[in-house]
Amino acid sequence: NVGKSLCALEIISALTTETLLWGELQPTLRAKRVLYILGEHYDAVIQRLWQKTKLQMGSEVFLLGPEAEG
């Protein structure tokens, strides 16, 4: 609970939309696809955080949480 997921979402947003990271760091490349594999949370937890932050994301961002096992 130190903000790792929030940082990951902010980085993904910057890389998929080419917006400044934390208001000052310009990404040097654009990610076409991102696979975010969750180790601590379920998809719904990250989706709620994403909605709460209102971060823009590219259309090719995929979440893979522990509920996908099996």
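In case you missed it, the structure is sitting above this.
A brief structural summary. Note that this is a predicted model, so its numbers are computed, not measured.

## Topic: the nonpolar core
One finds Leu-9, Ile-12, Ala-31, Val-34, Tyr-36, Leu-38, Ile-46, Met-57 and Val-61 forming the largest nonpolar core, which totals 9 residues. Those elements giving two or more residues to this core turn out to be helix H1 (4-17) and strand E1 (34-37). Sequence-distant contacts of Leu-38, that is, excluding residues within four places in its chain, are made with Asp-43, Ile-46, Leu-63, Leu-64, Gly-65 and Pro-66.

## Some remarks on the environment of Ile-46
Position of Ile-46 among the secondary structure elements: in helix H2 (residues 43-53). Judged by relative accessible area, Ile-46 falls into the buried class, the value being 1%. Placed 11 residues apart in sequence, Ile-46 and Leu-35 show a C-alpha to C-alpha distance of 13 Å. Non-local contacts of Ile-46, meaning those with residues more than four positions away in its chain, are made with Ser-5, Leu-9, Tyr-36, Leu-38, His-41 and Leu-63.

Basis of the calculations
- Residues numbered from 1 in each chain as written.
- Predicted model: local features only at pLDDT ≥ 70, side-chain atom pairs only at ≥ 80, totals over all residues.
- Heavy atoms only, no water.
- Core = buried A, V, L, I, M, F, W, Y, C linked by side-chain atoms within 4.5 Å.
- Buried < 20%, exposed > 50% of the residue type's maximum accessible area, 1.4 Å probe, protein only.
- Helix = DSSP H or I, 4+ residues; strand = E, 2+ residues; numbered from the N terminus.
- Contact = heavy atoms within 4.5 Å.

Fair warning: the whole summary comes from geometry, so function is off the table for now.
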